[in-house]
Structure formats: structure tokens, C-alpha cells
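Secondary and tertiary structure notes
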Amino acid sequence: MAKLSELLKETTTFLKEKGIGEVDFGLILGSGLGELADEVEDAIAIPFSEVPHFAVSTVVGHAGKLVYGTLSGKKVLAMQGRFHYYEGHSMQKVTYPVRVMSALGAHSIIVTNAAGGVNENFIPGNLMLITDHINFTGDNPLIGENEDEMGPRFPDMSHAYTPEYCEVTKKVANAQNMSLQEGVYMGYSGPTYETPAEIRMSRVMGADAVGMSTVSEVIVAAHSGMKVLGISCITNLAAGMQSSLNHAEVVETTERVKAQFKELVKATLAEL
Ligand SMILES: O=P(O)(O)O[C@H]1O[C@H](CO)[C@@H](O)[C@H]1O
Ligand SMILES: Nc1nc2[nH]cnc2c(=O)[nH]1
């Protein structure tokens, strides 16, 4: 199998030929949250299907494009949509875009997602600052040979969600009179939503929200030495807390709060 560093060379050479230059921040925009990339100035947009070694996005609410340009004065490379483990990709494939962002010079990523609220104080439409995560997917993108030039064999996850970035985000939300919840995101493999019993377990384990993404991306960001800001949009109450769950409701809730979500990310990005 080709080394990761060799694959990355092919991908970054392709992207540079398309006009993509230095990147400060990588942005991963979750279910229904991709519209933020439409605000990128001087944008260069490339479908995932054209990018060497990228998977394709198959989920509703994930446009499947890379968008490069300037947002809040920062050079960003945004993913309008992401890859998920439940789509049948390996964890390495799911997280390859984070490797690409790092290889293009990004020192930080902003990860966003749609998530179910486990914390009984949350309501659909809330935004939640992710302060930590529980990897409950049963897999890890770093399993396998470690390429030492990519990062350490045993990465420290003590401060995976960069504490300074959390502080800045809280200040920005406060200054804008925006309510911002905070909590722990628990990543399941999906594609089933959880059972009510799993949600009761998640709550006991310390989860405030549950989803099917993000944790593997943040593990790779930590491995690459990147700073991380994570924001969940609580799109529904988790299983057992409302009558039933479906993806149409998830996308509908993001529609309702997308203006607030975009404002929070843009204003925070300006301060980072
Ligand atoms: O995490 P994102 O991609 O935002 O989407 C979340 O919403 C989808 C389920 O409705 C799953 O893909 C889950 O992970
Ligand atoms: N796993 C999971 N993912 C979600 N994405 C949006 N809502 C949910 C949820 O309740 N559970």
C-alpha cells in the first residue's frame, strides 16, 4: 500500500495546480451546515469526486465540495460535507481530508456537526461548544503502522478541543447575546440512531450529545498537532427523549439555525 505521505503529495500537488495556496484553518461543515462555505470570498470550489484519493459524499445535506478562499480574513479550506465511517469508508479514508488540510499548512480545524441532545437541558436548535469527546465508534483512525513524520505513536488527547479556542468562542457568543451550550460529544459508528437504552448509557458515561462523525477527524487533528474548535448543532432530542428520529428533521433544524451558526463561526474565526 502507498505511504500516506505519497498519497498526500499527489493530492496537494493537484490542489495547488487548481490554485489552492496556504491554508490557515480547515473547516468541516456537517449535515445541513455547508452553506457557510458559500460566504468564502474569492472562492475556488472543487467537487470531492475530482480530488485524488478523496471519497465521495453520499449523505443528504452534504454537498460534497472543497471550497478554498478567505473567510473572516483567514485563509480557509472548507469541506461542504464530510465522509462517514457508516458509508463504508475506513477511518483513514474518513480522516484523509484532515491530513490534506494539515499538509497544506492548516494549523487549526473547525469541525461542525448535527447531533442529538442527550443533556436534558438542551433543546433542538441549540448550538453546543464541544469541550471533549468519547470515541464510541469501536475504531480509531491511527490503528496501523505509525508514520512518524505525521505525528506520534501515542498522541495526547488531554486538550484535543483547544481550551483557548473554547474561551474565545464563549466570549464571542456572549458578546452577540447568543446562547451557547457546552458539553461532551459521543461519537457512534451509525448509521442507526441509538436505542433509548444506549442514550441512557451515554448520559451515565458523561455524554451531552451524540453523533456519527467528528471524533475520528479530531483524533487525526490531534495526531497532526492541529488546534481544534468543535461546534455541534443540536438538531433533535436523542432517542427515547422524543417520539422518533429521522434525518429530514436533522436537516430541517439546521435550516432553522444556520444563520446563527454561520454568525458564530465567522465572528469566532475573526478572533482566532
Ligand atoms: O455529523 P454530521 O455529518 O453533521 O451528521 C449527523 O447527522 C446524520 C444523521 O442524521 C449523521 O451523519 C450524523 O453524524
Ligand atoms: N448518532 C446520532 N447522530 C445524530 N445526528 C443528528 N442527530 C443524531 C442523533 O440523535 N444520533
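Residues numbered from 1 in each chain as written. Chains lettered and ligands numbered in written order. Predicted model: local features only at pLDDT ≥ 70, side-chain atom pairs only at ≥ 80, totals over all residues. Heavy atoms only, no water.

Which entries qualify depends on this criterion: UniProt positions are given in the numbering used here, feature names are shortened, and annotations may be inferred rather than shown by experiment.
The chain has the name Purine nucleoside phosphorylase in an unreviewed UniProt entry, where Spodoptera exigua is given as its organism. Under the heading Subunit (unreviewed entry), UniProt records this for the chain: "Homotrimer." Taken verbatim from the UniProt record of the chain, the Sequence similarities (unreviewed entry) comment is "Belongs to the PNP/MTAP phosphorylase family."

1. Observations concerning the state of the cysteines
What counts here: Working definition: a disulfide is two cysteine sulfur atoms within 2.5 Å of each other. For every residue, the accessible area (1.4 Å probe, protein chains only) is compared with the maximum for its type, and the residue is labelled buried under 20%, exposed over 50%, or partly exposed between those bounds.
By the definition in use, this model includes 0 disulfides. Residue Cys166 stays outside any disulfide, its sulfur separated by 18 Å from that of Cys233, the closest cysteine. Among the residues examined, Cys166 registers a relative accessible area of 8% and is labelled buried. On the basis of relative accessible area, Cys233 is assigned to the buried category, the value being 0%.

2. Examining the site of ligand 1
Our working definition: Put simply, a residue is near a molecule or strand once any heavy atom of it comes within 4 Å of that molecule or strand. In protein, a polar contact means a hydrogen-donor-capable atom and an acceptor-capable atom, both N or O and within 3.5 Å, with residues adjacent in sequence counting only if both atoms are side-chain atoms; elsewhere, any N or O pair within 3.5 Å suffices. The protein chains shown are the only cover counted for residues, whose accessible areas, like all others here, come from Shrake-Rupley with a 1.4 Å probe. Secondary structure follows DSSP: runs of H or I at least 4 residues long count as helices, runs of E at least 2 residues long count as strands, and numbering of each begins at the N terminus. For this classification, Asp, Glu, Lys and Arg are treated as charged, while Ala, Val, Leu, Ile, Met, Phe, Trp, Tyr, Cys and Pro are nonpolar and the rest, including Gly, are polar.
If you check the shell around ligand 1, you find 13 residues, and the closest are His84, Tyr86, Tyr193, Ser213 and His247. Ala114 is positioned such that a nitrogen or oxygen atom in its backbone is 2.9 Å from an oxygen atom of ligand 1. In the environment of ligand 1, an oxygen atom lies 2.7 Å from a nitrogen or oxygen atom belonging to the side chain of His247. Summarising the interface, the protein chains cover 96% of the accessible area of ligand 1, which totals 340 Å² for the free molecule. The set of elements that each furnish at least two residues to the shell around ligand 1 consists of strand E5 (108-117) and helix H6 (247-271). Along the lines of polarity and charge, the residues of the shell around ligand 1 split into 5 nonpolar, 7 polar and 1 charged.

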